[in-house]
Amino acid sequence: MSVMVRFGNRKAILCQARWQAADTALETMLNEATQQWLAETGGPPLGDADPDFTTALTVGIAHGGRIHRNIPSRRPITREVYMKARQIPLF
């Protein structure tokens, strides 16, 4: 369902491929980094049991974060969100 990542004294929550944080600069940076990662790599493997956790590990840790809490995602809903995020814009 969601992953909370700590960045020093700031926290961000990743839920269904979108980051939310009280610090808007952190939130914007993480969302842009996630979109770039999805575009470059396709994101978590298609059969990933918890794609939000995999994304938080990859993007959050790369930007100095540490996993604080994890509530496993609802697989069908989250899988659909990541499938849509993988689509390549044609124009």
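Up top is the structure these notes are about.
Scope of this entry: the structure provided in the associated data block. Since the structure is predicted, the reported quantities are computational estimates derived from the model, not experimental observations. Once a new chain begins, its residue numbering starts again from 1 and follows that chain's sequence as written. This being a predicted model, a pLDDT of at least 70 is required before a residue's local features are given, and a value of 80 or more before pairs of side-chain atoms are given or counted; all residues contribute to the totals for chains, interfaces and linings. The basis for every side-chain value is the complete set of heavy atoms in the structure, and neither hydrogens nor water enter the calculation.

### A few points about the environment of L57
Formally: Numbering of helices and strands runs from the N terminus, with a helix taken as a DSSP run of H or I at least four residues long and a strand as a DSSP run of E at least two residues long. What makes two residues a contact is simply this: any of their non-hydrogen atoms within 4.5 Å.
Mapped onto the elements of the fold, L57 is located in helix α2 (residues 51-62). Taking the C-alpha atoms as reference points, L57 and I67, 10 residues apart in sequence, are found 7.3 Å from one another. Those residues in contact with L57 that lie beyond four places of it in its chain are A62 and I67.

### Considerations on the sheet that holds strand β1 (residues 2-7)
Counted only if it meets this: By the convention used here, strands pair only if DSSP detects at least 2 bridges between them. Note on method: axes are straight lines fitted to C-alpha atoms, helices fitted across the in-contact stretch only, with angles between N-to-C directions ranging 0 to 180 degrees.
Judged by pairing direction, the sheet is antiparallel, and its 4 strands sit side by side in the order β3-β2-β1-β4 without closing on themselves. Only two strands of the sheet have a single neighbouring strand rather than two, namely β3 (18-21) and β4 (66-71). When the angles between neighbouring strand axes are averaged without regard to direction, this sheet yields 25°. Bridge analysis of β1 against strand β2 (residues 10-15) gives 5 bridges, and the strand direction is antiparallel. Across the sheet, residue M4 finds its bridge partner in β2, namely I13. Helix α1 (residues 24-41) contacts β1, β2 and β3 of the sheet and is inclined by roughly 170° relative to β3. On the sheet, α2 packs against β1, β2, β3 and β4 and is oriented at approximately 170° with respect to β4.

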